[in-house]
Amino acid sequence: MAVSAFGIVSSADNSVHVDGLHDYRPIGAFSFLGRFRVIDFPISNMSNSDINRIQVYVRSRPRSIAEHVGSGRHYNINSKRGKIQLLFSENSSSRSIYNNDINAYMQNIDIIQRMHQDYVVIAPSYMVYKQDYRQLLDTHVASGADITLLYQKVDNAREYYKNCHTLSVNKQKGVQSIEKNLGTANNKNIFMDTYVMHRDIFVELVKAANWMSSMYTLADIVNLKCKDMDVRGYLHKGYFATLTSLEDYYNASMELLDYDTASDLFKANWPIYTRTTDSCPTQYFDTAKVTGSFVSNGCLIEGTVENSIIGRSVVIGKGAVIKNSIIMAYAKIEAGVHIENTIVDKWAHIIHAKNIHGEPDAPQYIKRQDTL
Amino acid sequence: MAQNEMLAMILAGGRGSRLKDLTTKVAKPAVYYGGKYRIIDFPLSNCANSGINTVGVLTQYESVLLNSYVAQDGRWGLDSKDSGVYVLTPREKADEGLDVYRGTADAISQNIDFIDNYDPEYLLILSGDHIYKMNYDQMLDYHKEMKAEATIAVRPVPLKEASRFGIMNTDGHGKIVEFEEKPAKPKSNLASMGIYIFNWKPLRKMLIEDMKSQESNHDFGKDIIPKMLADEKALFAYEFKGYWKDVGTIDSLWEANMDLLDPKNSLNLNDSSWLIYTEDISTLPQYIGKDAKIKCAYITQGVRVEGSVTNSVLFTGAVVGKNAKVTDSVLMPGVVVEDGAQVTRALVAENVRIGQKAKVGDKNSENIELVAKNVKGGTN
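Residues numbered from 1 in each chain as written. Chains lettered and ligands numbered in written order. Predicted model: local features only at pLDDT ≥ 70, side-chain atom pairs only at ≥ 80, totals over all residues. Heavy atoms only, no water.

**Side note on the nonpolar core**
Within soluble globular proteins, side chains that are nonpolar tend to cluster in buried spots. Definition in use: We define a nonpolar core as any set of buried Ala, Val, Leu, Ile, Met, Phe, Trp, Tyr and Cys residues linked to one another through side-chain atoms lying within 4.5 Å. Relative accessible area decides the class of each residue, using a 1.4 Å probe on protein chains only: under 20% of the type maximum gives buried, over 50% gives exposed, and in between gives partly exposed. Under the scheme used here, helices are H or I runs from DSSP no shorter than 4 residues and strands are E runs no shorter than 2 residues, and both carry numbers assigned from the N terminus.
The biggest cluster of nonpolar side chains holds 79 residues, and the ones touching the most others in it are Tyr284 of chain A together with Tyr33, Val305, Leu331 and Ile354 of chain B. Breaking this core down by element, the ones donating at least two residues are strand 2 (32–33), helix 8 (250–259), strand 15 (293–299), strand 17 (308–314), strand 20 (330–331) and strand 23 (346–348) of chain B. Among the nonpolar cores identified, the runner-up in size contains 72 residues, and Leu21, Ile190, Tyr250 and Tyr273 of chain A belong to it.

What follows is the structure, encoded as structure tokens:
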């Protein structure tokens, strides 16, 4: 790579709240497709793009992210040349309006200014996609633009991509504005909250935003600067998921049950790294009936599983039926329980409730460690 | 356990020639087992879980893969400041020529300098060929309690099979009075597991003498242990009752894999207090297709099943195509069973491809079929 960049993995905006799941951990720590966590995707994208210095911003409840990311060794980050830093905005409570991305960058601006790399790639910890940032960076440098933004054309923005931003882009891929997705039309350019720019421009933007309003976010200031800076769009193609609402999370997960879609996201030359838990293979009993599902290691399956995602070390008893559901790690579904269109959080134990149903467009959610 | 109180040395030079094509390119300790493991993961994980920090792995036969595999000591958590896994192959020394390891004892003798670096109180000798879970720290406690000079782990075998093993005869209090290699008329059923704890200083002395001996086979079982008994040293048998397998043949390797299909098997790889660690591979979770039928199976991450799998163990990245049938079989990593193919009572080696509609193995066969080369597609 001719030019070098460091990476920033950003945290979701305060306006984003995913029912249930979000009460226990930031979106980056959500379990995804059984054995991954959402933050594995941006960090693996960076690692695979030769970005060796990565700052992960954590706004609230840092335990699960800190535990999962750790030294970053499992992300193939060079142990001497590279580093993953977890950075916190310590001076304000998680719910405060002051606790936004600009505030977090301001608090760590000295660290950002000291980075040796000229460019910065900022990617969200709450979206899933595959992107070679070397291509993005090369295009950005070649174009001479000040800022390049990654976006995807979608045709279902009324129903999904809640809490996301949209870009209005002219024919030359010049970005005219960044706006909230208000669900007014289906065809939209969804902003993937991914930026490339020179470090100096980034520092300048952070300071400008902070000076103008304590509530300004990076998206707000870039929107303002669209008029007098050269801001371009870079079109992304392929699987893209935003996990900014329970429906989006559920829908994005279910979409990956199509093996071709999933395998497009997991190419051998683009590994998605995660922290191993060293669980053993999964045991299918002679009464098991499993179809159309992704299953993680360490499970004991005696029942029926259809079109579902099963996390690590889940126990599914005899005669239990799981359909169109996401069962997270260490959950225990006892014999005879029927579950449909439901997200069961980690360590939940379902024993007395024999029927748990959600709707395809409104999944049911079962709390972490709950006994039903 | 205090730092380096006990150092472990794993003998991993075994060729395992009865495993045929599975060991033409890799040594037996590197052979795959149990869906995601290699055999050597067991002694290495046992060391890590027993609090042993430093492990030497003695390799010789086809050691390239094994050397690079065990050098990644982080896999077993043996990568903290004072820990490490060290590969020790035969090497040329200043005052003598290059010598292969002439026997199990010689392999240790040739690495006395390595062991001296750590100055351990006790030396634990292990084999890299065996599948079992064992707490060596408890064995060390027993060794100390008995004030033994050497402690040998033993396990009870059926008396009628005892003549196939090295048998320890004890005085009823665990003290070994006699060691018989493959006795015609066994007096006891306690078979040696090839796991020894020695007090390092006296052993060191014996090994130096043994190296010079012309008559010696330089082997623990044949030379060192009998010599210690003849010298009336305090040798004790430490009885182990858990699951233990030495998978010497294709049939026994297949059988050991099949053991895992019983959810109540005594190896219990699902015990989170004693995990077996292995290489971490980035893959999707296992995917079970819309028309798949799975009954009684042990399947790991990265596997894709579209057909039917019964009574089988599937390793990382194995693929079973549409309408394919895999029964009573073991598919090693990367095996592809194409659409409509049938695999029965077989052990399919790494990355082998079974062509469309091909048939391998036979449900009435006496022995398990080893499939080590690609099989072309069939016609019916």
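**Describing the interface of chain B and chain A**
Threshold: Note on contacts: a residue pair qualifies if any of its non-hydrogen atoms lie within 4.5 Å across the two residues. The term buried area means the drop in 1.4 Å probe accessible area that two parts suffer when joined, counted for both and summed. A pairing counts as a salt bridge when a side-chain nitrogen of Lys or Arg comes within 4 Å of a carboxyl oxygen of Asp or Glu.
Tallying the contact residues gives 36 residues for chain B and 36 residues for chain A. Roughly 3000 Å² of surface becomes buried between chain B and chain A when both sides are summed, with 52% attributable to carbon and sulfur atoms. It is Leu284, Pro285 and Tyr287 of chain B in chain B that bury the most area against chain A; as a group they hold 21% of the surface buried on that side. On the surface where chain B and chain A come into contact, there are 1 salt bridge. Between Arg73 of chain A and Asp79 of chain B there is a salt bridge, with the nearest N and O atoms lying 3.4 Å from each other.

**Thoughts on the pairing of strand 11 (residues 188–198) of chain A**
Residues and elements named next belong to chain A. Heads up, the condition is: Here, any two strands with at least 2 DSSP bridges between them count as paired.
In terms of burial, strand 11 is largely enclosed, as 9 of its 11 residues are buried. Of the pairings in the sheet, the one linking strand 6 (residues 119–124) to strand 11 comprises 4 bridges and is antiparallel in character. The partner of Val120 across the bridge, within strand 11, is Met197. In this structure, strand 8 (residues 147–154) lies alongside strand 11, joined through 8 bridges in antiparallel fashion.

**As for the sheet that holds strand 24 (residues 338–340) of chain A**
Residue and element names in this part refer to chain A. Cut-off, in case you're wondering: Every angle, taken between N-to-C directions, lies between 0 and 180 degrees, and every axis is a line fitted to C-alpha atoms, over only the stretch in contact when it is a helix.
The 5 strands are arranged 15-18-21-24-27 in an open sheet whose pairing can be described as parallel. At either margin of the open sheet sits one strand with a lone partner, and together these are strand 15 (289–291) and strand 27 (355–357). The mean inter-strand angle of the sheet, taken between neighbouring strand axes irrespective of direction, is 5°. Where strand 21 (residues 321–323) lies against strand 24, 3 bridges are found, and the strand directions are parallel. Note on strand 24: the bridge partner recorded for Val321 is His338.

**Comments concerning the packing of helix 6 (residues 200–212) of chain B against helix 7 (residues 220–230) of chain B**
All names here are of chain B. As a reminder of what qualifies: Should an angle lie under 35 degrees it is considered roughly parallel, over 145 roughly antiparallel, and from 65 to 115 roughly perpendicular; all remaining angles are considered oblique. Take the far helix as the reference: if the near one is turned anticlockwise from it by less than a right angle, the crossing is left-handed, and if turned clockwise, right-handed. Gly is put with the polar residues, along with every residue not named as nonpolar or charged; the nonpolar set is Ala, Val, Leu, Ile, Met, Phe, Trp, Tyr, Cys and Pro, and the charged set is Asp, Glu, Lys and Arg.
Viewed as axis vectors pointing N to C, helix 6 and helix 7 meet at an angle of 120°, and their least axial separation amounts to 12 Å. Judged by the angle between their axes, helix 6 and helix 7 are oblique. The way helix 6 lies across helix 7 gives a crossing that is right-handed. Where helix 6 approaches helix 7, its residues Leu203, Met206, Leu207, Glu209 and Asp210 are matched on the opposing element by Phe220, Asp223, Ile224, Lys227 and Met228. For the contact of helix 6 with helix 7, a count of residues per class yields 6 nonpolar, no polar and 4 charged.

**Notes on the state of the cysteines**
Inclusion rule: In this description, a disulfide is simply a cysteine sulfur pair whose atoms lie within 2.5 Å.
Enumeration over the complete set of coordinates arrives at 0 disulfides over all chains. The thiol of Cys164 of chain A is unpaired, and the distance to the nearest cysteine sulfur, on Cys226 of chain A, comes to 17 Å.

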